[in-house]
Amino acid sequence: MMYIAGVDIGGTNIKTGIVGLDGRVLKKSSIRTGVERPWEAVADDIAREVRSLADKLSVPLAQLKGVGVGCPGSINSETGCVDYANNIGWEGVPLSKGLSDRLGLSVRLCNDANAAALGEATFGAGRQYRDVVFITLGTGVGGGVIIGGKLFEGNESKGTELGHTVIQRGGELCTCGRRGCLEAYASATALIRDTKVAMRKNKDSLMWKAAPTLNDVSGRTAFDCAKEGDPAAKRVVDEYLEALGEGLCDFINIFRPEAIILGGGVCAQGDALLTPLRVFTKNFSYGGEHGPAVELLIATLGNDAGLIGAASLLL
Ligand SMILES: [Zn+2]
């Protein structure tokens, strides 16, 4: 039996897992990233976790096809280098070589959002499709594109920036410096901002019961109150869905995927998100109801998507 080690490096934690060739996580661990340390110390920790997890499963290292790593920031998957990752403070880190030297295994590296996209496309919600766009709706809007079953990495493997496509010219200022990006309307951050604006304007809204102070507002507040029939909350949700729908139609028109998978915190809304978006994309993507139909799905791998996707780089 062969297995793969998957590693998902985040700003706070590093998740490591031993994954079967079927994408099942057999054993996993989570350790602190400790970004204040030199990268070599982090690589020592990752190598130790891989050895220890394999040991617990009585799997010799020789039965590992290799190690797949998802890392935030700007990654060069050709050279196995982390060119620049501001949230872990790395610049020019030869991570693949560092891990390969420590474990004697081949190592593949890619961007963490791309790893999650690959995980969902290969073993999660998109497993029966070959052309998939994956979007995460979290602090920002990220994602990845899988074409013909393969991750599309682009020039210097810098990947796509689906969240930084403009849906409103001259609109809200985005973290990237441009105005009107999808991220500035469809991220959880934007949803919370717009919920607060609506609450300030509507002192009688039910949202003040769900969130007694503006600090209590979350990505759920407007969705929860819209379900209760609150008109101000419903407007927030409708505008959020419309912005997201415009972005999805763009991705459908550009990539013509078989499926779009939505991940990230906002996806907990499930059908409250999917049902209106299905109508919107059917009405407004090119070809409309004449198709081809695009499946809209919620991600299924949760927090394991990154490490499963990293492992699947070795398949
Ligand atoms: Zn942007």
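Residues numbered from 1 in each chain as written. Predicted model: local features only at pLDDT ≥ 70, side-chain atom pairs only at ≥ 80, totals over all residues. Heavy atoms only, no water.

## Considering the coordination of the zinc ion
Then, in step 1: Bound to the zinc ion on the protein side are H164 (ND1), C174 (SG), C176 (SG) and C181 (SG), at distances that span 2.0 to 2.4 Å.
Then, in step 2: Taken together, the 4 donor atoms surrounding the zinc ion define angles of 100 to 123° at the centre, an arrangement classified as tetrahedral.
Then, in step 3: With relative accessibility at 19%, the residue H164 sits in the buried group. (Donors = N, O, S within 2.8 Å, 3.2 Å for Na, K, Ca; no water. Tetrahedral: all angles 85-135°; square planar, octahedral: opposite > 155°, others 65-115°. Buried < 20%, exposed > 50% of the residue type's maximum accessible area, 1.4 Å probe, protein only.)

## Here's the deal with the packing of helix α8 (residues 231-255) against helix α9 (residues 271-284)
Then, in step 1: Following both chains from N to C, one finds α8 and α9 inclined at 50°, their axes separated by 9 Å at the closest point. Overall, the two elements α8 and α9 adopt an arrangement that is oblique. Taken as a pair, α8 and α9 cross one another with a handedness that is right-handed. Residue-level inspection shows Y240, L241, E242, L244, G245, E246, L248, C249 and I252 of α8 in contact with α9, the latter providing A272, L273, P276, L277, F280, T281 and F284.
Then, in step 2: Residues belonging to the contact of α8 with α9 are distributed by class as follows: 12 nonpolar, 2 polar and 2 charged. (Axes fitted to C-alpha atoms, helices over the stretch in contact; angles between N-to-C directions. Helix = DSSP H or I, 4+ residues; strand = E, 2+ residues; numbered from the N terminus. Parallel < 35°, antiparallel > 145°, perpendicular 65-115°, else oblique. Left-handed = near helix turned anticlockwise from the far one by under 90°. Contact = heavy atoms within 4.5 Å. Nonpolar A, V, L, I, M, F, W, Y, C, P; charged D, E, K, R; others polar.)

## A word on the domain arrangement of the chain
Then, in step 1: Assigned domains of the chain: these are domain 1 (3-121) and domain 2 (127-299).
Then, in step 2: Placing a centre on the C-alpha atoms of domain 1 and another on those of domain 2 gives a separation of 29 Å.
Then, in step 3: Opposite the 14 residues of domain 1 that make contact, domain 2 presents 15 residues.
Then, in step 4: When domain 1 packs against domain 2, the two sides together hide about 1,200 Å² of surface, and 55% of this comes from carbon and sulfur.
Then, in step 5: Looking only at domain 1, the three residues that lose the most surface to domain 2 are N114, E120 and A121, adding up to 45% of its buried area.
Then, in step 6: On inspection of domain 1 and its partner domain 2, the count reaches 1 salt bridge.
Then, in step 7: For K158, the salt bridge is made with D83, and the minimal N-O distance between the two is 3.1 Å.
Then, in step 8: Taken together, the links from domain 1 to domain 2 amount to 5 residue pairs in polar contact (both at pLDDT 80 or more).
Then, in step 9: Mapped onto the side of domain 1 that touches domain 2, the elements with two or more residues apiece are β5 (74-76) and α3 (112-123).
Then, in step 10: Here the element with the most residues in the side of domain 1 that touches domain 2 is α3; it accounts for 7 residues.
Then, in step 11: Along the lines of polarity and charge, the residues of the side of domain 1 that touches domain 2 split into 7 nonpolar, 4 polar and 3 charged. (Domains from an automatic or database assignment. Buried area = accessible area lost by both parts, 1.4 Å probe. Salt bridge = Lys/Arg side-chain N within 4 Å of Asp/Glu carboxyl O. Polar contact = N/O pair within 3.5 Å; in protein donor to acceptor, adjacent residues only side chain to side chain.)

## A closer look at unusual backbone geometry
Then, in step 1: Each neighbour pair has its own omega, and for G291 with P292 the value is 5°, a cis peptide bond.
Then, in step 2: With respect to the helices, strands and loops of the structure, P292 is situated in the loop between α9 and β13 (295-298).
Then, in step 3: The backbone of S157 shows a phi angle near 50°, a positive value even though the residue is not glycine.
Then, in step 4: Given the relative accessible area of 9%, S157 is considered buried.

## Observations concerning the pattern of salt bridges
As a working rule, side chains carrying opposite charge can pair if their charged atoms are close by.
Then, in step 1: Scanning the entire structure with this criterion turns up 14 salt bridges.
Then, in step 2: For K97, the salt bridge identified is with D101, shortest N-O distance 2.8 Å. One end of the pair, K97, and the other, D101, are both in helix α2 (residues 95-103), 4 residues apart, so they sit about a helical turn from each other.
Then, in step 3: Residue class for K97 comes out exposed when judged on its relative accessible area of 54%.
Then, in step 4: Through salt bridges with shared partners, a single ionic network connects R37, D45, R48 and E49.

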